[in-house]
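Listed here are the chains, written in short residue letters.
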Amino acid sequence: MLSSFAANMAVGAHTTVPMGYFQFCTQNPADCGMHTGRGGKVALTEADFAQLHQVNDDINRRIEPMTDLDHYGEIERWTYPDDGYGDCEDYVLLKRRTLIGLGWPADTLLVTVVRDRKGDGHAVLTVVTDRGDLVLDNQEAAIVLWHETGYRFVKRQAQDDTDNWVSLGDVLAPYSVGRN
């Protein structure tokens, strides 16, 4: 299992909410608006880590990648991939909903916008733990610490209010996040 010496991300100031997330929340208000006022860390156990792997692997296997443009005729649409197709943020939303349903605290499961190794916009799920911030990704089977991904981190949901977002350092935010 992961070392207990792994770092969590340093977050910056509040920043803009991705338009796709804003539209998702308009259509799915019950899945947004989680204002905990705190923002803790999961005390990660072997069983928790195994559950993260099971959820990540299951969803990565079940969902077929498809861009929003091919799927909906739109550049950007964040939604649950209930029809079996989706792009990166759709995988993230389903993983988040699944883990919350399994009892994981919502304020430790954060939608995160990055630039991938090619510099393209991409979304991943960050899980805040006492062993570091873990990344669940549809492009990689392994669950790794954020600084081991090779990605440039742009912004993510704020832990104390997941309708707000915080900067993570990369100031060149992508217009959309699922163009691959």
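For the structure, see preceding data.
Residues numbered from 1 in each chain as written. Predicted model: local features only at pLDDT ≥ 70, side-chain atom pairs only at ≥ 80, totals over all residues. Heavy atoms only, no water.

Asker: An account of the environment of Asn-164 is requested, with residue identities and associated values reported.
Answerer: By the element assignment, Asn-164 lies in the loop between strand S8 (152-157) and strand S9 (165-167). Residue Asn-164 is classed as partly exposed on the basis of its relative accessible area of 31%. Between the alpha carbons of Asn-164 and Gly-33 there is a distance of 9.1 Å; along the sequence they are 131 residues apart. Ignoring sequence-local partners within four residues, the contact set of Asn-164 consists of His-14, Arg-156, Gln-157 and Ala-158. (Helix = DSSP H or I, 4+ residues; strand = E, 2+ residues; numbered from the N terminus. Buried < 20%, exposed > 50% of the residue type's maximum accessible area, 1.4 Å probe, protein only. Contact = heavy atoms within 4.5 Å.)

Asker: So, the state of the cysteines: which residues are in play, and what are the values?
Answerer: Under the definition given, this model contains 1 disulfide. Across the disulfide from Cys-25 sits Cys-32; the S-S distance is 2.1 Å. Disulfide Cys-25-Cys-32: the torsion about the S-S bond is -80°, which places it as left-handed. (Disulfide = S-S within 2.5 Å.)

Asker: Let's hear about the sheet that holds S9: which residues, and what values?
Answerer: A sheet is described by the order of its strands in space; here 7 strands give the open sequence S1-S9-S8-S4-S5-S6-S7, paired in antiparallel fashion. Of all the strands in the sheet, the pair left with one neighbour each is strand S1 (14-15) and strand S7 (144-145). The pairing of S1 with S9 spans 2 bridges and is classified as antiparallel. Within S9, the position partnered with Thr-15 by the bridge is Trp-165. (Pairing = 2+ DSSP bridges.)

Asker: Lay out the nonpolar core in plain terms, naming residues and giving numbers.
Answerer: Of all hydrophobic cores here, the largest spans 32 residues; its most connected members are Phe-24, Leu-52, Leu-99, Trp-104 and Leu-134. Going through the elements one at a time, helix H1 (19-27), helix H2 (46-62), helix H4 (88-101), strand S4 (109-115), strand S5 (121-129) and strand S6 (132-136) are the ones with two or more residues in this core. At 6 residues, H4 tops the list of elements feeding residues into this core. Aside from chain neighbours lying at most four places away, what touches Trp-104 is Val-42, Leu-44, Asp-48, Gln-51, Leu-52, Leu-99, Leu-109 and Val-127. (Core = buried A, V, L, I, M, F, W, Y, C linked by side-chain atoms within 4.5 Å.)

Asker: Requested: an account of a nonpolar patch on the surface, with residues and values cited.
Answerer: A cluster of nonpolar side chains, namely Val-17, Met-19 and Phe-22, defines an oily patch on the protein surface of about 290 Å² accessible area. Looking at where Met-19 falls in the secondary structure, it is placed in helix H1. Assessed through its relative accessible area of 54%, Met-19 is described here as exposed. (Patch = residues over 30% accessible without salt bridge, like charges linked within 9 Å, V, L, I, M, F, W, Y side chains within 5 Å. Areas by Shrake-Rupley, 256 points an atom, 1.4 Å probe, with all protein chains shown as cover. Salt bridge = Lys/Arg side-chain N within 4 Å of Asp/Glu carboxyl O.)

Asker: Go over the packing of aromatic side chains with me, naming the residues and quoting the values.
Answerer: Tallying each qualifying case throughout the model produces 6 aromatic pairs. On the basis of an interplanar angle of 35° and a centroid distance of 6.4 Å, the ring pair of Tyr-21 and Phe-24 is categorised as tilted. Of the two residues, Tyr-21 and Phe-24 both sit in helix H1, 3 residues apart, roughly one turn of that helix. Relative accessible area serves as the criterion here: at 3%, Tyr-21 is assigned to the buried category. Judged by relative accessible area, which is 1%, Phe-24 ranks as buried. The interplanar angle of 70° and the centroid separation of 6.1 Å between the aromatic rings of Tyr-21 and Trp-78 together place this pair among those described as edge-to-face. (Phe/Tyr/Trp six-rings, centres within 6.5 Å; stacked < 30°, edge-to-face > 60°.)

Asker: Before we move on, could you go through H2 and cite the residues and values that matter?
Answerer: Taking 1.5 Å of rise per residue, the 17 residues of H2 would be expected to cover 24 Å, and the 24 Å separating its terminal C-alpha atoms lies within 8% of that figure. Within the span of H2, buried status applies to Asp-48, Phe-49, Leu-52, Val-55, Asn-56, Ile-59 and Asn-60. Summarising the axial view, the buried residues of H2 lie within an arc of 125°, below the 170-degree limit, and thus occupy one face. Away from its buried face by more than 90 degrees, H2 exposes Glu-46, Ala-47 and Arg-61. Residues of H2 that are buried sit in contact with H4, S5 and S6. (Expected span 1.5 Å × (residues − 1). Arc of directions from axis to C-beta.)

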